[in-house]
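Architecture and fold: a report
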Amino acid sequence: MKVLEAETYQAGEVHRFEAAGQEFVYLAPAGGIFGISAAAAAVLETMGAAGRRMDELRAEMRAAGFSAGDVEEALEELIEARVLERPRTLPPPRQKMPERFPLQSLVMNLTNQCNLSCKYCYEYGEDKVATPDGKPKFMDWETAKASVDFFLQDSAGRERLHITFFGGETLMNFPLLKKVVDYAEAAAGAQGRAVDFSLTTNATLLTPAIIGFLADKRIGVTVSIDGPPDMNKLRVFANGRPSYDVIAPKIRELLARHRTRPVGARVTLTAEVTDCIRIFRHLTEDLGFQEVGFAPVTSSQKNLVTIGSGKMDSILEQFCALADEYLAAALENRQHAFSNVTDTIAELHEGVNKSHPCGAALGLVGVGPSGDIAPCHRFVDSDTHKLGNVFTGIDRSKQADFLERGHIDAKYDCHTCWARPLCAGGCHHEAYVRYGDTGHPNLHYCDWIRTWTDKCLRVYGAIAAQNPGFLEHFERRKAS
Amino acid sequence: MKHLRAVNRKAVRVAGEIDAAAADVHALQEGAPPQPKPVPHYPVGCTIVFSPGWEVDSSGGTAGLCQPAERDLYDCYATCFWPAQVPDHLNNYPDWTKKCASATKDWREIDLVFP
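Residues numbered from 1 in each chain as written. Chains lettered and ligands numbered in written order. Predicted model: local features only at pLDDT ≥ 70, side-chain atom pairs only at ≥ 80, totals over all residues. Heavy atoms only, no water.

Considering the overall build of chain A
A tally of helices and strands in chain A yields 15 helices and 16 strands. Relative to a compact globule of 480 residues, whose C-alpha radius of gyration would be 23 Å, chain A shows 24 Å and is just as compact. Projecting the C-alpha coordinates of chain A onto the three principal axes gives extents of approximately 75 × 50 × 50 Å. Buried positions account for 55% of the 480 residues belonging to chain A. Contacts in chain A between residues at least 24 apart in sequence constitute 72% of all its contacts with a sequence separation of at least 6. Within the structure as shown, chain A displays about 20,600 Å² of accessible surface, and the carbon and sulfur contribution to it stands at 51%. Separation of charge centres in chain A, based on 53 positive and 62 negative side chains, amounts to 5 Å. (Helix = DSSP H or I, 4+ residues; strand = E, 2+ residues; numbered from the N terminus. Rg over C-alpha atoms; globule rule 2.2 N^0.38 Å. Buried < 20%, exposed > 50% of the residue type's maximum accessible area, 1.4 Å probe, protein only. Contact = heavy atoms within 4.5 Å. Areas by Shrake-Rupley, 256 points an atom, 1.4 Å probe, with all protein chains shown as cover. Lys, Arg positive; Asp, Glu negative; His and termini not counted. Charge placed at Lys NZ, Arg CZ, Asp CG, Glu CD.)

This is how it looks when you write it as structure tokens:
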């Protein structure tokens, strides 16, 4: 390839970052991460935002002491990898959605009832999207069986399937859970396929027998808990009694007995619950969780539990401190429990470039107690978002409408953002609660996401430079 | 690549595409490029330099053809027997191939011209 003198190039959509003393670029249109040489970095530096004519650029590079050969090679490689591009006149062509996309995961809301009344729950309160009136409160066996049958039919071609049990409080319908596990294992096995299971629970109803079942069946468990007693104060019973003292001994028992899969904690951050590091220490060191993940509460702005922007900055600082710990651990080949980093690095390592923020209505759907199908568990029981029923299947036109709205191409605000390969506009449910449209980009956390993604890129780059063997964990993770 | 180092899996794939494109250029001059058999990787090169007539054999190479692709280039240039996209030797660009002693080795020295 010959780079012509009179031609003008400009930096493509790249995000530059530095890690372990090395320069990297993250290619937003592809999701690729490249380490770059000093000459290539200098080309990008000299290029500036507006782009340069190649003869001018060459002259400046030579004046800066780079050899003509190095400059030519760097230019050729940067252009071939599209780190440099000609100024665009046309947007890149839109990729068509696949006509059929078999399901991979099913979330079964076994009940919409819960024995806790957490103050921030999206299933209740002013921001709820569910319309459960007149619908069953608990899923019955007929509906559960039909859900599994629907799932097996709609996932044709997939060898490994995943069922997640959810609620309400999942364990309030434990007898049904057991039946579903046995039935789904047998039905999938008869087709030469395998299903694995996971559930989310508030831990209040765990018993030795239930824990034994979960361990024996290798069922992944995520416990919703917000930290030590003073941080867990919004997770209360209906009469206002705190739940911490009830769940702590049960969680210890669960962690001691259930060793077949890592048990994770899932923390919801709210206005008064933002001490991430203290929460993390408590959950990992005092209780013994192997994975801890955080997410800010979903709420409209008017809500009392909504986290203010000052607090979001504090959360980000604490996330970054924990990410530094993660890096230190990774360089010594130790696992670190902060799963927000693990999840992001797994996606960076793969180089994902998402059409949609998540698999909702694509490879994943949620099913409510009535058998109604929703894009995910968060939309279960909502008449507005219903996509069909397990007895009649998915309404393809409703599904297509949901996916069209949520597609990154439809989110114009995202088109100039380098973090879109991973974020893709953010949670559909959060968007609906905030903006009344599942396809609206979550503009309230753009800066936050970019800073966090940049931090994870730096952690990833440093691991890739200093201990690349550690990344093999992510190869295996993907394979499983 | 010397200045870019693929780090994640997507970058490895991007680099693979770039290498495959480079292999197209090699296919034009020195037989089949290194690639998995039995499916040949046919070059998708341009006709700016190599005028109509360049072809590949069933393995993607040019070595086994009765006339090398470069032959077409020179026929067009020197004799103008075909209205191809190459400069003409007779009137306007008598020195176009001066730096190119052997077409199969030095063809990169033949530059584009802008009439």
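Brief notes about the sheet that holds strand β16 (residues 393–394) of chain A
All names here are of chain A. Ordered by their spatial adjacency, ten strands build an open sheet running β12-β11-β10-β9-β8-β7-β13-β14-β15-β16, and the pairing between neighbours is mixed. Edge strands, defined here as strands with exactly one partner in the open sheet, are β12 (291–296) and β16. Examined bridge by bridge, strand β14 (residues 372–374) and strand β15 (residues 388–389) share two bridges and lie antiparallel to one another. When the sheet's bridge partners are listed, D372 is paired in β15 with N389. (Pairing = 2+ DSSP bridges.)

Digging into the interface of chain A and chain B
At the junction of the two partners, chain A supplies 30 residues and chain B supplies 16 residues. Of all residues in chain A, the largest losses of buried area upon contact with chain B belong to F34, E77 and E350 of chain A, amounting jointly to 28% of the total for that side. For the pair chain A and chain B, the number of links is four salt bridges. Between E73 of chain A and K2 of chain B there is a salt bridge, with the nearest N and O atoms lying 2.9 Å from each other. The interface formed by chain A and chain B holds 19 residue pairs in polar contact (both at pLDDT 80 or more) in total. Among the secondary structure elements, those contributing two or more residues to the side of chain A that touches chain B are β3 (22–27), β4 (32–36), α1 (38–47), α3 (68–80), α10 (339–350) and α14 (446–466) of chain A. Along the lines of polarity and charge, the residues of the side of chain A that touches chain B split into 15 nonpolar, eight polar and seven charged. Here three bridges tie β4 of chain A to strand β1 (residues 4–6) of chain B, and the two strands are oriented antiparallel to one another. Paired with G35 of chain A across the bridge in β1 of chain B is R5 of chain B. (Buried area = accessible area lost by both parts, 1.4 Å probe. Salt bridge = Lys/Arg side-chain N within 4 Å of Asp/Glu carboxyl O. Polar contact = N/O pair within 3.5 Å; in protein donor to acceptor, adjacent residues only side chain to side chain. Nonpolar A, V, L, I, M, F, W, Y, C, P; charged D, E, K, R; others polar.)

A word on the packing of aromatic side chains
All names here are of chain A. Applying the stated criterion to the full structure yields 16 aromatic pairs over all chains. Between Y326 and F470 the ring centres are 6.5 Å apart and the planes differ by 85 degrees, which places this aromatic pair in the edge-to-face class. Here Y326, found in helix α9 (residues 309–331), pairs with F470, found in the loop between α14 and α15 (472–479); they are 144 residues apart in sequence, far enough to count as distant. Summarising the burial analysis for this pair, Y326 and F470 share the class buried. Through pairs of rings, three or more aromatic residues link up here, namely F280, F294, F319, F338, W448 and W452. (Phe/Tyr/Trp six-rings, centres within 6.5 Å; stacked < 30°, edge-to-face > 60°.)

Here's the deal with the sheet that holds strand β5 (residues 52–53) of chain A
Residues and elements named next belong to chain A. Reading across the sheet, the three strands line up as β5-β1-β6 and stay open at both edges, with antiparallel pairing between neighbours. Both outer strands of the open sheet, β5 and β6 (84–85), are each paired with one neighbouring strand and no more. Strand direction decides the pairing type here: strand β1 (residues 8–11) and β5, joined by two bridges, are antiparallel. Residue pairing in the sheet places Y9 in a bridge with R52 of β5.

Structural notes on helix α13 (residues 428–435) of chain A
By the burial criterion, the buried members of α13 of chain A are H428, H429, E430, A431 and V433 of chain A. G436 of chain A sits one or two positions beyond α13 of chain A and adopts a positive phi of about 75 degrees.

A look at the domain arrangement of chain A
Residues and elements named next belong to chain A. Here chain A is partitioned into domain 1 (8–85) and domain 2 (105–394). In this structure, domain 1 and domain 2 have C-alpha centres spaced 43 Å apart. Taken together, the contact pairs six residues of domain 1 with four residues of domain 2. Of all residues in domain 1, Y26, G31 and I33 bury the most surface against domain 2, accounting for 64% of the area lost on that side. Where domain 1 touches domain 2, the interface holds zero salt bridges. (Domains from an automatic or database assignment.)

Section: the state of the cysteines
Residues and elements named next belong to chain A. Counted by the stated rule, this structure contains zero disulfides over all chains. Residue C121 stays outside any disulfide, its sulfur separated by 6.4 Å from that of C118, the closest cysteine. Since its relative accessible area comes to 26%, C121 is described here as partly exposed. (Disulfide = S-S within 2.5 Å.)

Quick word on the pattern of salt bridges
Residue and element names in this part refer to chain A. Scanning all chains against the criterion turns up 31 salt bridges over all chains. Ionic pairing is found between D324 and K455, a salt bridge with its closest N-O pair at 2.7 Å. Of this pair, D324 sits in helix α9 while K455 is found in helix α14, placing the two residues 131 residues apart along the sequence. Classification of D324 by relative accessible area gives partly exposed; the value is 39%. Among the residues examined, K455 registers a relative accessible area of 18% and is labelled buried. Connected through salt bridges with shared partners, the residues R16, E23 and E45 form a single ionic network.

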